[in-house]
Amino acid sequence: MKDLTIRNLSKTYFDPYAGTNVTAVHDVSLKVEQGEFVCIVGPSGCGKTTILNMIAGFIPHTGGEILVGGRPVKGPGADRGVVFQSFALFPWRTVLENVAFGPKMRGVRKVEREKIAHEYLALVKLTEAAGRYPAELSGGMQQRVGVVRALANEPDVLLMDEPFASVDAQTRMTLQEELTRIWQEKRPTVIFITHDVAEAVFLGNRVIALSKGRVLEEISVDLPRPRSWDALNDDARFKELSGRVLQLVRSA
Amino acid sequence: MKQFLLKFWGHCVRLTARWPSIGSIAPFIPVIAAWWIVTELQIFPRVFLPGPMEVVRSFGSLVYTGILPAYLQDSIVRLAVGTFWGIALGIPLGILLGLSQRARTALWPLLLFFQAIGDIAWLPILVIWFGYGLTTITVVIVYTVIFPVVLNTVLGVRSTPITLHRAAQSLGASRIRILWEVVLPGALPNIVTGLRNGLSYGWRALIATEIIVGTSGIGFLMFDARRSGSVVEILLGMIILGILWYIVDSWILAPIERATGQRWGLVTR
Ligand SMILES: Nc1ncnc2c1ncn2[C@@H]1O[C@H](COP(=O)(O)OP(=O)(O)O)[C@@H](O)[C@H]1O
Ligand SMILES: [Mg+2]
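Residues numbered from 1 in each chain as written. Chains lettered and ligands numbered in written order. Predicted model: local features only at pLDDT ≥ 70, side-chain atom pairs only at ≥ 80, totals over all residues. Heavy atoms only, no water.

Residues and elements named next belong to chain A. For strand β9 (residues 206-211) and strand β10 (residues 214-220), the ladder comprises six bridges, and the chain directions are antiparallel. Its bridge partner being in β10, Ile208 is matched across the sheet by Glu218. In this structure, the hairpin formed by β9 and β10 is closed by a connection of two residues, where Lys212 is found at a positive phi of approximately 50°. (Pairing = 2+ DSSP bridges. Helix = DSSP H or I, 4+ residues; strand = E, 2+ residues; numbered from the N terminus.)

Put into structure tokens, the structure is as follows:
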């Protein structure tokens, strides 16, 4: 695990149809400490995915710098694990093979990497599903696989782009609770992107409110852990924090 | 009467449910029966339309003399060799075209140009170049098989979601590994579709080529039979073509499709 520093990051897209430039991210600076869980929240179209894709190295940035453990990001790499909204599991690989994929690319032997994969699957109670194909799983199960697939590769930073946006509300709450539990156990550095204010406050140590490609404000979340929806649903502090973030995001 | 028919129908349904192979033969029974009745009624002269039994007898004697097995083998070997090269050249070319915009710009017009010429249209010049041999036949089959394989491979490569490439990259896969782990399996269902089309065209091209330039093979058998006026053998050739294609498709291609695209949930069943 390493820290992540973003300095004056910006991104200007060229729209070939309109023939104009669109600036999706303006001058964003951010420091994420090692082992911290940071949520970036904002309405759709505010540049969240663009920021995450730049950190992941999927798209080049047009200004500023991104440093992971002090080293500048050049393209995608195994030091930054990614969890996708669309799960992006390999349909032709079983659940076990999906989770073992990262270690396999590192050249870990088959026996060894399957042991690792089994450990991580047990973490999300998917031991039974190891031999199945992704298409045979529910959305919630698929995203559990997506999360542990990224974790099993032991990245320095875990990047998550609205990972729970396409599962139903009940499953989402379970997944959120599981994620906080896993985070406490493994303590990875996480950047979690969402448009859901309650989700951001529930998960993060810190919430960054984003609007129109700019950082509005950072709010630290001092709620105790472990966190559960049962406890937090009626928690005054949780409500207060969520209310503040919501106001920020809506006012901009 | 109606009751009896319903009962009989129910019986048939249960039978085919238990033995699926009967299900694939069953549709042919009325066709053969109709054929048999037409020939028994002598609507057409026997020389023009022989009955099923005569075809079976002719099959027996051609197998006995060894002509049919030899011809069959020739046809199948030609198809296999042609298909092998069609795949071996078509898949890499399709992947190159699917991945590289530059390759597409450079090669796409050529591809369409040559696709338009058509397989059989090459025969005159191929016969001058290579004579009446295996080379000519192989080239025609490769030519037929390769276009559907290439075009479908391109489609498969390009329709693989970019997030799968990204997922592999951020799990540490090199470009070569991505080719093997993402590009190829992602395109596989389309490749099989291309192969299916390619083989069915290739099969037709083979018969046409054998009729024109062949010295053996099922196509040649039929052409030879026409010369000697043996309608029985022509019919036999046609039936063998149908059966052989059915076997290739349902015993080789369909199982590959079931084991890949369908299993992975990429193709709806
Ligand atoms: N490839 C692209 N080309 C041009 N504009 C883009 C591209 N991707 C995103 N944008 C624009 O950048 C802005 C931010 O998009 P995005 O990062 O996807 O937002 P979010 O993830 O917060 O919904 C939007 O206005 C979007 O239209
Ligand atoms: Mg987005």
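Let us keep going from here.
All names here are of chain A. Lining the immediate surroundings of ligand 1 are Tyr13, Ala24, Pro43, Ser44, Gly45, Cys46, Gly47, Lys48, Thr49 and Thr50. Separating a nitrogen atom of ligand 1 from a side-chain N or O atom of Tyr13 is a distance of 3.4 Å. Here an oxygen atom of ligand 1 and a side-chain polar atom of Thr49 are 2.6 Å apart. With the chains in place, 60% of the 550 Å² that ligand 1 exposes on its own is no longer accessible. (Near = heavy atom within 4 Å. Polar contact = N/O pair within 3.5 Å; in protein donor to acceptor, adjacent residues only side chain to side chain. Areas by Shrake-Rupley, 256 points an atom, 1.4 Å probe, with all protein chains shown as cover.)

Moving on to the domain arrangement of chain A. Residues and elements named next belong to chain A. Taken domain by domain, chain A comprises domain 1 (33-59 + 71-79 + 156-252) and domain 2 (89-154). One C-alpha centre belongs to domain 1, the other to domain 2, and the line joining them spans 24 Å. Each partner contributes to the interface: domain 1 provides 17 residues, whereas domain 2 provides 13 residues. For the pairing of domain 1 and domain 2, the buried interface totals around 1100 Å² over both sides, and the portion due to carbon and sulfur atoms is 66%. Linking domain 1 with domain 2 are one salt bridge, by the criterion used here. For the pair domain 1 and domain 2, the number of links is three residue pairs in polar contact (both at pLDDT 80 or more). Breaking the side of domain 1 that touches domain 2 down by element, the ones donating at least two residues are β7 (157-161) and α6 (169-186). Of the residues in the side of domain 1 that touches domain 2, the class split is ten nonpolar, two polar and five charged. (Domains from an automatic or database assignment. Contact = heavy atoms within 4.5 Å. Buried area = accessible area lost by both parts, 1.4 Å probe. Salt bridge = Lys/Arg side-chain N within 4 Å of Asp/Glu carboxyl O. Nonpolar A, V, L, I, M, F, W, Y, C, P; charged D, E, K, R; others polar.)

All names here are of chain B. Mapped onto the secondary structure, Ser75 falls in helix α5 (residues 67-99). Residue classification places Ser75 among the buried residues on the basis of a relative accessible area of 0%. Not counting residues up to four positions away in its chain, the partners in contact with Ser75 are Leu206, Glu210, Gly217 and Ile218. (Buried < 20%, exposed > 50% of the residue type's maximum accessible area, 1.4 Å probe, protein only.)

Attention now moves to the interface of chain B and chain A. Contact residues are listed per partner, giving 20 residues for chain B and 27 residues for chain A. When chain B packs against chain A, the two sides together hide about 2100 Å² of surface, and 66% of this comes from carbon and sulfur. Run the count over chain B and chain A and you get two salt bridges. Arg93 of chain A is the salt-bridge partner of Glu181 of chain B, the closest N and O atoms lying 2.8 Å from each other. Counting across the interface, chain B meets chain A through four residue pairs in polar contact (both at pLDDT 80 or more). Counting only elements with at least two residues in the side of chain B that touches chain A, the list comes to α9 (162-170) and α10 (175-213) of chain B.

Right, let's talk about the nonpolar core for a bit. Counting residues in each nonpolar core, the largest one holds 90 residues, and the members touching the most others are Leu4, Ile55, Ile66, Phe90 and Leu159 of chain A. Broken down by element, this core gets its largest block of residues, twelve residues, from α10 of chain B. What Leu159 of chain A contacts, discounting residues up to four positions off in sequence, is Leu52, Ile55, Ala56, Arg80, Gly81, Val82, Val83 and Ile191 of chain A. Val124, Leu137, Leu179 and Leu232 of chain A belong to the second largest nonpolar core, which has 52 residues in total. (Core = buried A, V, L, I, M, F, W, Y, C linked by side-chain atoms within 4.5 Å.)

All names here are of chain A. Taken in spatial order, the six strands of this open sheet run β6-β7-β8-β3-β9-β10, and their pairing is mixed. With one partner strand each, in any of the chains shown, β6 (80-83) and β10 form the two edges of the open sheet. The average undirected angle you get between the axes of adjacent strands in this sheet is 20°. Pairing geometry for β7 and strand β8 (residues 189-194), over five bridges, is parallel. Bridged to Asp161 within β8 is Ile193. Strands in contact with helix α9 (residues 236-251) are β3 (37-41), β9 and β10; relative to β10, the strand with the most contacts, it is inclined by about 175°. (Axes fitted to C-alpha atoms, helices over the stretch in contact; angles between N-to-C directions.)

The next subject is the confidence of the model for chain B. All names here are of chain B. On average, residues of chain B score 87 in pLDDT, and 96% of them are at 70 or above. The lowest-confidence element of chain B is helix α2 (residues 20-25), averaging 71 in pLDDT; the highest-confidence one is α9, averaging 97. Both confidence scores are given for the complex: pTM 0.86, ipTM 0.94. (pLDDT = per-residue confidence, 0-100.)

Let's shift gears to unusual backbone geometry. Residue and element names in this part refer to chain A. Note the cis peptide between Arg225 and Pro226, where omega equals 0°. Tracing the sequence through the fold places Pro226 in the loop between β10 and α8 (229-232). One non-glycine residue, Lys125, lies in positive phi territory at about 55°. One non-glycine residue, Glu154, lies in positive phi territory at about 45°. Mapped onto the elements, Glu154 comes out in the loop between α5 (139-152) and β7.

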